[in-house]
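Architecture and fold: a report
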Amino acid sequence: MKQLICRALAPAVTVAALSLHVCAADTPPGYVDFGKFSPPASGGEFVEVHIKSNLIAMMARLVEKNEPEAAELLRGLELVRVNVIGLDDENRAEMEKRVKKVRGELDARGWERVVTSQKKNEDVGVYIKTRGQEAVEGVVVTVIEGDRQAVFINIVGDLKPEKIAMIGERLNIEPLKKVGQAVGKK
Amino acid sequence: MKRPPTSRFQTAAVLALLLVSMTGCFRVSSDVGALRDSVIKSAGAQWDQQIEFGVGAMTLTAARAGLAFVDLDPEARATLQAARGAEVGVYKRRGAQGEFRGGTILRAADQAMTERGWDRIVGVTNGRELVAVYAPQAVRSTRNLKVCVLVLDPQELVVASARGNLEPLMEIAFNRSGRHLVGNRE
């Protein structure tokens with residue numbers, strides 16, 4: 001009986017292991033899984049933007065004629081994920097914990113913290129994942145804005161460091177404008 | 001020579017089927033219907049249909065032909081040329097407002113749409129309002145893109161979809177932004 005179960009389970013385990021391997025191989029190095037977010041129970045602000053490579057490529061084709069520079073920038077992007085979660089008494093502790101966890105994981109995985117800003121109630125952390133000197137494979141922005149909101153941003157792609165500020169300008173992500181300056185100084 | 005009644009019935013059935021698929025039959029499609037049903041089920045409220053309207057390629061072609069004789073703004077004409085189909089459903093909440101479960105509604109809508117090959121690209125909730133935008137997982141062309149939109153507020157639920165050619169619309173957008181820039185410089 002035990003043998004039968006083992007025989008039945010072995011292929012399943014092998015397939016599961018292989019699919020896990022494939023999933024790991026498929027995930028781009030600049031991708032960070034923030035986990036799932038839910039709107040605050042108090043009815044506060046909740047924004048989720050998740051744009052994948054197929055839509056980005058399409059947008060690149062669309063703007064190619066009129067804005068070739070923007071099109072080139074878009075072609076380097078694979079994924080843009082933005083989460084803004086309004087804070088209330090119920091989710092504040094959890095969001096702060098989540099920000100700390102993400103930052104800890106990025107530190108452990110060798111991401112480089114390029115911007116740290118703590119003023120008044122605002123705590124901003126910007127991390128980049130580089131490939132040698134020539135490319136940035138991922139950018140993560142985490143913000144805790146006092147009692148107001150938590151922000152998680154992940155931009156994945158094959159980006160030229162000097163173009164990061166431009167992404168900040170185009171997508172209106174304030175911390176990324178600072179990253180451009182920080183990376184430019186390096 | 002007289003045609004047998006079966007043949008006439010078949011011809012009529014084929015014509016009716018063609019008419020339904022080409023005109024949109026003035027009803028919403030199954031994707032928009034699934035989005036609506038998921039919200040109605042998860043929002044835990046009773047809804048009265050205000051309007052449900054869908055127009056397909058044939059109806060739009062007829063509209064374009066009719067409007068050919070009308071002196072129309074070139075941008076409005078270009079927008080009409082770009083449209084391939086549109087549908088909208090508006091439903092009014094019946095009775096008192098219950099608890100707003102934005103997370104539950106979004107999850108239900110996501111599940112319904114993911115099963116049908118759609119990805120949510122934007123989700124926003126604020127207070128008792130919710131907006132979600134879905135795009136097909138397999139986007140191949142900018143010339144025939146369909147998006148589905150869900151808008152929910154305390155009184156109303158709106159589900160809509162639009163299919164069209166994005167290229168002329170982007171052209172209009174660029175022309176307008178160019179004009180604004182020139183205007184600002186002046």
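Described below are features of the structure shown in this document. As the structure is a computational prediction, the values presented were derived from the model and not from experiment. (Residues numbered from 1 in each chain as written. Chains lettered and ligands numbered in written order. Predicted model: local features only at pLDDT ≥ 70, side-chain atom pairs only at ≥ 80, totals over all residues.)

Here we look at the overall build of chain A
Regarding its fold elements, chain A presents six helices and six strands. Each helix (α) and strand (β) of chain A, taken in turn from the N terminus, gives the series α-β-α-α-β-α-β-β-β-β-α-α. Taking all 186 residues of chain A together, the buried fraction comes to 31%. (Helix = DSSP H or I, 4+ residues; strand = E, 2+ residues; numbered from the N terminus. Buried ≥ 20, exposed ≤ 12 C-beta atoms within 10 Å, placed from the backbone.)

Let's talk about the overall build of chain B
When its secondary structure is counted, chain B shows six helices and six strands. Scanning chain B from its N terminus toward the C terminus, one meets helices and strands in the order α-α-β-α-α-β-α-β-β-β-β-α. Counting every position in chain B, which comprises 186 residues, the buried fraction comes to 22%. Pairs at least 24 residues apart make up 70% of the contacts formed inside chain B by residues separated by at least 6 positions. (Contact = placed C-beta atoms within 7 Å.)

Quick look at the environment of Leu157 of chain B
Residue and element names in this part refer to chain B. Of note, Leu157 is situated in strand S6 (residues 156–164). Among the residues examined, Leu157 registers 24 C-beta atoms within 10 Å and is labelled buried. Between the alpha carbons of Leu157 and Gln50 there is a distance of 9.8 Å; along the sequence they are 107 residues apart. When sequence neighbours within four positions are dropped, the list of residues in contact with Leu157 reads Val39, Trp47, Tyr91 and Leu152.

Here we look at helix H4 (residues 92–108) of chain A
An α-helix turns once per 3.6 residues; consequently, residues spaced three or four apart project the same way. Residue and element names in this part refer to chain A. Given a rise of 1.5 Å per residue, 17 residues ought to cover 24 Å, and the 24 Å separating the end C-alpha atoms of H4 matches this to within 8%. Regarding H4, the residues found buried are Met95, Val102 and Leu106. One side of H4 carries all its buried residues, which in axial view fall inside an arc of 30°. Exposed residues on H4 whose side chains face more than 90 degrees from its buried face are Ala93, Glu94, Lys97, Lys101, Gly104 and Ala108. At its buried positions, H4 is contacted by strand S2 (77–86), strand S4 (122–131), strand S5 (135–145) and strand S6 (149–159). (Expected span 1.5 Å × (residues − 1). Arc of directions from axis to C-beta.)

A short note on the sheet that holds strand S2 (residues 83–94) of chain B
The strand order across the open sheet formed by twelve strands is S3(A)-S4(A)-S5(A)-S6(A)-S2(A)-S1(A)-S3(B)-S4(B)-S5(B)-S6(B)-S2(B)-S1(B), and the pairing between neighbours is antiparallel. Of all the strands in the sheet, just strand S3 (112–119) of chain A together with strand S1 (46–55) of chain B have a single pairing partner and so form its edges. For this sheet, the mean angle separating the axes of adjacent strands, direction not counted, is 10°. In this structure, S4 of chain A lies alongside S5 of chain A, joined through ten bridges in antiparallel fashion. (Pairing = 2+ DSSP bridges. Axes fitted to C-alpha atoms, helices over the stretch in contact; angles between N-to-C directions.)

Brief notes about the packing of helix H2 (residues 30–43) of chain B against helix H5 (residues 102–115) of chain B
Residues and elements named next belong to chain B. The interhelical angle for the contact between H2 and H5, taken along N-to-C directions, is 150°, at an axis separation of 8 Å. Considering the angle they form, H2 stands roughly antiparallel to H5. The crossing of H2 and H5 is right-handed. Counted together, Ala34, Leu35, Ser38, Val39, Lys41, Ser42 and Ala43 of H2 and Thr104, Ile105, Ala108, Ala109, Ala112 and Met113 of H5 form the full contact between these two elements. Here the residues of the contact of H2 with H5 are counted per class, giving nine nonpolar, three polar and one charged. (Parallel < 35°, antiparallel > 145°, perpendicular 65-115°, else oblique. Left-handed = near helix turned anticlockwise from the far one by under 90°. Nonpolar A, V, L, I, M, F, W, Y, C, P; charged D, E, K, R; others polar.)

A word on unusual backbone geometry
Both trends apply: most residues other than glycine have a negative phi, and most peptide bonds are in trans. Phi at Lys120 of chain A is positive, roughly 50°, even though this residue is not glycine. Assessed through the 7 C-beta atoms surrounding it within 10 Å, Lys120 of chain A is described here as exposed.

Overview of the interface of chain B and chain A
Often, the extent of an interface is quoted as the loss of accessible area upon association of its parts. Listed per partner, the contact involves 20 residues of chain B and 18 residues of chain A. Looking at the side of chain B that touches chain A, the elements that each hand over two or more residues are H5, strand S3 (118–126) and helix H6 (166–185) of chain B. Looking at the side of chain B that touches chain A, the element that brings in the most residues is S3 of chain B, giving eight residues. Here the side of chain B that touches chain A is built from residues that sort into nine nonpolar, seven polar and four charged.

Focus on the environment of Asn144 of chain B
Residues and elements named next belong to chain B. Within the secondary structure, Asn144 sits in the loop between strand S4 (129–136) and strand S5 (145–152). A sequence separation of 21 residues divides Asn144 from Asn165, and the C-alpha atoms of the two residues are 5.0 Å apart. Other than its neighbours up to four places away in sequence, Asn144 contacts Arg84, Arg163 and Asn165.

Observations concerning the nonpolar core
Core analysis: the biggest nonpolar cluster contains 35 residues, and Val139, Val140, Val141 and Ala150 of chain A have the highest contact counts within it. The element that contributes the greatest number of residues to this core is S6 of chain A, accounting for seven residues. Setting aside anything within four residues of it in sequence, one finds Val140 of chain A in contact with Val32, Leu106, Trp111, Tyr127, Ile153 and Asn154 of chain A. Counting residues in each nonpolar core, the second largest holds 23 residues, with Val28, Met113, Ala135 and Leu150 of chain B among its members. (Core = buried A, V, L, I, M, F, W, Y, C linked by C-beta atoms within 7 Å.)

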